[in-house]
Amino acid sequence: MADVFNFSAGPAMLPHAVMRRAQAEFLDWNGTGVSVMEMSHRGAAFTSIANQARNDLIELLGIPDNYKILFLQGGATLQFSMAALNLARMSDPADYVVTGSWGQKAVAEARRFCDARVVASSEADQFHSIPPVSEWAISSDAAYLHYTPNETIGGVEFHHVPDIPAHIPLVGDFSSNILSRPMDISRFGLVYAGAQKNIGPAGLTLVIVRDDLLAPVRDDVPAMLDYQIHADSDSMRNTPPTYAWYLAGLVFDWLKQQGGLAAMAEHNQRKAEMLYQAIDQTSFYDCPVRQLDRSRMNVVFRLPSIDLERCFLVEAEAAGLLALKGHRSVGGIRASLYNAMPLDGVMALVSFMQDFESRMG
Ligand code: PMP
């Protein structure tokens, strides 16, 4: 295998150990003589794979009994619609806290289905910080409150679950930081995440929903968008993305072997600290995000000019440091450090940055 580190924001690198196991099991899963890809989703073999993945996830996140776990399709983007469709009527207020582009997309979509309101936003600060909860104009009758715990493009992350009135279900788009540290699921009504960063390959969407929110509040929700129907059919209303579900299961198993989410939290903290330190110790690199709100998953930074950034990206790629280009909407550099990124990758990036500065700074 080529000696590279892949800093892609998603689809992102998966643990090498998981990829090797998938490769070993590719043609013949567990002596069945067939690939997981070729099995009926309703057969005993896949049922055992699906249940094992679900149970391992329950163990990793400590998911309480009164929640259902759904393995769906449509990406996090479909959850922008499903959350609104299932939880709010057309006239119901639904509150959105917007700290970046994904939150903006979520509220725009919800406006098709309910009275979605932006109750706090850091747009005036170019999404470089998180507005304090004390300043959120929460609606007392909100059907739910939605936020984006990690904004993948802007590199802004909530490091605490916001304290909101208990009667309002909290909805979190955890696409880019789920499984990166322990979390208290009981604080949430609904949690969702596209798989392609910390869970597995693209094509799978994970949804964790509290039982009292399963039944849609309106009666015109299509079956495939109805949480209750997916829960009642164990996420097999139709053919699920079986291979992505299996790979997610391998990632969950790998996470358990690494020591679970507490160990991941330590690993991720260490990597992020190392990179932010390298950025902060010189004025050549600059991270625009407020210190307290910096993401451990997506570290964004700028160089003194766009020309230098272009040169940085070309040289980094030649040095085996891939996919460091910031999102096209904001430019700059972005290093995504999900669970699978080893410490060695960050060390290699930091030493490249120091060398680049010494030659170009
Ligand atoms: N929310 C967040 C925080 C994301 O990072 C992404 C994708 N990068 C999305 C939503 C959209 O996810 P998908 O492409 O799975 O629909």
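Residues numbered from 1 in each chain as written. Predicted model: local features only at pLDDT ≥ 70, side-chain atom pairs only at ≥ 80, totals over all residues. Heavy atoms only, no water.

S.K.: Help me understand empty space enclosed by the protein in this model?
M.R.: If a probe as big as a water molecule is rolled over the atoms, it shows which places are left empty. In the structure shown here, the tally under the stated rule is one cavity of 30 Å³ or more. Space inside the largest cavity adds up to approximately 40 Å³. What lines the largest cavity is Met13, Leu14, Pro15, Lys197, Asn198, Val251, Trp254, Tyr338, Asn339 and Ala340. In the lining of the largest cavity, the residues fall into seven nonpolar, two polar and one charged. (1 Å grid on protein atoms, 1.4 Å probe; cavity = no way out; pocket = protein on both sides within 12 Å on 5 of 7 lines; lining within 4 Å. Points joined across faces, edges and corners; volume = space filled by probe spheres on them. Nonpolar A, V, L, I, M, F, W, Y, C, P; charged D, E, K, R; others polar.)

S.K.: What's the story with the environment of Ala110 in this structure? I'm lost.
M.R.: Topologically, Ala110 is positioned in helix 4 (residues 101–110). Between the C-alpha atom of Ala110 and that of Ala84, which follows or precedes it by 26 residues, the distance is 5.5 Å. When sequence neighbours within four positions are dropped, the list of residues in contact with Ala110 reads Phe80, Ala84, Tyr96, Ala116 and Tyr144. (Helix = DSSP H or I, 4+ residues; strand = E, 2+ residues; numbered from the N terminus. Contact = heavy atoms within 4.5 Å.)

S.K.: I tried to follow the pairing of strand 3 (residues 93–98) on my own but got confused; where do I start?
M.R.: Regular strands have side chains that alternate between both faces of the sheet. Judged by how many residues are buried, strand 3 sits mostly within the fold: six of six residues are covered. Going residue by residue along strand 3, you find Pro93, Asp95 and Val97 tucked away on one face and Ala94, Tyr96 and Val98 tucked away on the opposite face as well. Sheet analysis places strand 3 next to strand 4 (residues 115–121), joined by six bridges and oriented parallel. Note that in strand 4 the partner of Tyr96 across the bridge is Val118. Of the crossover connections in this fold, the one passing from strand 3 over helix 4 to the parallel strand 4 is right-handed. Bridge count for strand 3 against strand 5 (residues 145–147) is two bridges, and the pairing is parallel. (Buried < 20%, exposed > 50% of the residue type's maximum accessible area, 1.4 Å probe, protein only. Pairing = 2+ DSSP bridges. Right-handed = clockwise from strand over helix to strand, strands pointing away.)

What is shown is where atoms sit, not what they do.
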